[in-house]
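Summary of structural features
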Amino acid sequence: MRSWGVLGGLAAALAAGVYVLWGPIAQRKRRRRGLVPGLLNLGNTCFMNSLLQGLSSCPSFIKWLEEFTAQYKTEQNQSAEHQYLSLTLLHLLRALSCQEVPEDDVLDASCLLEVLRIYRWQISSFEEQDAHELFHVLTSSLEDERDRQPRVTHLFDVHSLEQPEIIQKQITCRTRGSLPPMSNRWKSQHPFHGRLTSNMVCKHCEHQSPVRYDTFDSLSLSIPAAVWGRPLTLDHCLHHFISSESVKDVVCDNCTKIQAEGTLNGQSIENQRTTFVKQLKLGKLPQCLCIHLQRLSWSNQGTPLKRHEHVQFNEFLIMDIYKYHVPVHKPSQNDLNQKNSEETKPGTKDGIAVKPSDAEQTHGTKSLIMNGACSTSFLMSSGAFPLAAFPECSSPVYLYRLMAVVVHHGDMHSGHFVTYRRSPPSSKSPLSVSNQWLWISDDTVRKASLQEVLSSSAYLLFYERVHSKVQHQRLELRAEE
């Protein structure tokens, strides 16, 4: 009996040890189902963990990394992953999106900091950093890695020339008598790459200066001053971003030319300085849209402060009204007279006959439509939006779906980053989008509701563009070309 008691005590102690170290086996299985791996906090690396979770919810970015890193598959060196940022990032994002089955529920992302040091970025894991700054570090380093790659195989690169695909290209070139197509540099741009347009118009002569283009990988939006009784929305921030501003004392070449034509020959004309109206627009919208809400402000004493206002955002975002369109020529007087005569006819709209009820309905919904696109504040949080109620918005070209939200808790001196992100799609339908949301704080992962996501104080918003069937067909044709 005593031996049975000793054996029973040992078995109980062993079971308790197993429970303490690993927890109940059934609980571990339930934790894996529908969730994603967490990330180990290496000191103060919540900024990195939250950003990686947000990026892993963007399928287009992972697909771009897979296509971009295909050039490294011919390398037999096992340490190639630790030399290229793209490979290291792809490995982490695939594991966090459950495309690779990890051995542990908690991953270690210290390899990302190590590869960034090779790119001469010294980021300490024990100092608090900013997730948005790390996002710029990653995108700029990926662009540097892309620019370092040779465009054409060098004649002295014997190893590359002996590859089967290179030999096949050489045979094709000899038989057809034409060079193989060069890879388009713009096709290798990461999906966060976009372009801003800067438009300058003279207020005196209405002459428009040449449009200037600048690149961006995220839209950094300032939060306008709150109005009592009115909620702040993402539309307010976007409109504030593209709002026009007056620039005084600018030399206008057209005004100077007009002034010179009205003077006698030989007289010197001073440059005419007028006031210009400057406006920013989005010349090229990216496939993946990262929006940064600037929550840093400064007091009258010059001390940094954090803005805690809640900015309302939605699951879907329409960006058509913020897109730059090439201006068309001004209509002639005959065209204006013809248009006015058509509009004065009863029961017509833009020269097309409509029923009186339809005309009244169009006028009633005019206040809900901005520049031919629906305001995002009228999109329903359930993911389905009433496009049928807005005929002019039935087919938005630049429609985006929310994929992840990075939130910062705390003040300007200390705090913590967490992420809301979509759960990866199931293996049965990998092209679908999951409606299940997750809340992730380093190695802690739990399920969350969409209402909880939309109620959070967002710092970074990750949207991905939704293409219609026609747009999908056009993209496939471009890829084949």
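Reading the values: rules and limits
- Residue numbers run consecutively from 1 along every chain, following the written order of its sequence.
- The predicted nature of this model means local features are confined to residues of pLDDT at least 70 and side-chain atom pairs, given and counted, to a pLDDT of 80 or more, with totals for whole chains, interfaces and linings taken over all residues.
- Values reported for side chains reflect all heavy atoms of the structure, with hydrogen atoms and water molecules removed beforehand.
- Under the DSSP-based scheme used, a helix requires at least four consecutive residues in state H or I and a strand at least two consecutive residues in state E, with every element numbered from the N terminus.
- In this scheme, a helix's expected span is set at 1.5 Å multiplied by one less than its residue total.
- Whether a residue is buried, partly exposed or exposed follows from its accessible area with a 1.4 Å probe, protein chains only, as a fraction of its type maximum: under 20%, in between, or over 50%, in that order.
- As used here, the term nonpolar core means buried Ala, Val, Leu, Ile, Met, Phe, Trp, Tyr and Cys residues forming a set that is joined through side-chain atoms within 4.5 Å.
- In what follows, a contact means two residues having at least one pair of non-hydrogen atoms within 4.5 Å.
- Between N-to-C directions, angles cover 0 to 180 degrees, with each direction set by a line fitted to C-alpha atoms, over the stretch in contact for helices.
- Each angle receives one of four descriptions, namely roughly parallel if under 35 degrees, roughly antiparallel if over 145, roughly perpendicular if within 65 to 115, and oblique otherwise.
- Under the scheme applied, nonpolar residues are Ala, Val, Leu, Ile, Met, Phe, Trp, Tyr, Cys and Pro; charged residues are Asp, Glu, Lys and Arg; polar residues are all the others, including Gly.
- Two strands are said to pair when DSSP picks up at least two bridges between them.
- By convention, the crossing between two helices is left-handed when the near helix turns anticlockwise from the far helix through less than a right angle, and right-handed when the turn is clockwise.

Think of an α-helix as turning once every 3.6 residues; residues three or four places apart then point the same way. With 12 residues, helix α5 (residues 85-96) should reach 16 Å at 1.5 Å per residue; the first-to-last C-alpha distance of 16 Å fits that figure. Within α5, 10 of the 12 residues are buried, which leaves the element mostly enclosed by the surrounding structure. Taken together, the buried positions of α5 are occupied by Leu-85, Ser-86, Leu-87, Thr-88, Leu-89, Leu-90, Leu-92, Leu-93, Ala-95 and Leu-96. Trailing α5 by a residue or two, Cys-98 shows a phi angle of about 65 degrees, which is positive.

On to the nonpolar core, then. Proteins that are soluble and globular tend to have nonpolar side chains buried together. In terms of nonpolar packing, the biggest core is built from 47 residues, with Leu-52, Leu-55, Phe-61, Leu-112, Leu-134, Phe-192 and Phe-462 touching the most fellow members. Those elements giving two or more residues to this core turn out to be α3 (46-55), α4 (59-68), α5, α6 (110-118), α7 (131-148), β9 (288-294), β18 (399-410) and β22 (458-466). Ranked by the residues each element gives to this core, the list is headed by α5, at 8 residues. When neighbours within four sequence positions are excluded, Phe-192 is seen to be in contact with Leu-55, Cys-58, Phe-61, Phe-135, Phe-216, Asp-217, Pro-286, Cys-288, Leu-289, Cys-290 and Phe-462. Leu-282, Leu-289, Trp-439 and Leu-450 belong to the second largest nonpolar core, which has 37 residues in total.

Here we take up the packing of α5 against α7. Contact geometry of α5 with α7 gives a least axis separation of 9 Å together with a crossing angle of 130 degrees. In this view, α5 runs oblique relative to α7, as classed from their interaxial angle. Across the interface between the two elements, Leu-85, Ser-86 and Leu-89 from α5 touch Leu-138, Ser-141, Leu-142 and Glu-145 from α7. A class-by-class count of the residues in the contact of α5 with α7 yields 4 nonpolar, 2 polar and 1 charged.

Moving on, we get to the pairing of β22. Across the 9 residues that make up β22, a large majority, 8, are buried. Note that β9 and β22 share 5 bridges and pair antiparallel. Paired with His-292 across the strands is Leu-460, a residue of β22. With 8 bridges joining them, β18 and β22 adopt antiparallel strand pairing.

This paragraph deals with the packing of α4 against α5. Viewed as axis vectors pointing N to C, α4 and α5 meet at an angle of 140 degrees, and their least axial separation amounts to 10 Å. Here α5 runs oblique to α4, going by the angle between their axes. For α4 against α5, the interelement crossing comes out left-handed. For the pair formed by α4 and α5, the contact residues are Phe-61, Ile-62, Leu-65, Glu-66 and Phe-68 on the first element and Ser-86, Leu-89, Leu-90, Leu-93 and Arg-94 on the second. Classifying every residue of the contact of α4 with α5 gives 7 nonpolar, 1 polar and 2 charged.

To summarise the sheet geometry, strands pair through backbone hydrogen bonds and adopt either a parallel or an antiparallel arrangement. Pairing is antiparallel in the open sheet, where 4 strands are placed in the order β4-β3-β8-β7. Lying at the two open borders of the sheet, with one neighbouring strand each, are β4 (212-216) and β7 (245-251). Put simply, the sheet's adjacent strands are angled 35 degrees from each other on average, direction ignored. Relative to strand β8 (residues 273-284), strand β3 (residues 194-202) runs antiparallel, the two being bridged by 8 bridges. By the bridge assignment, Met-200 is partnered in β8 with Lys-278.

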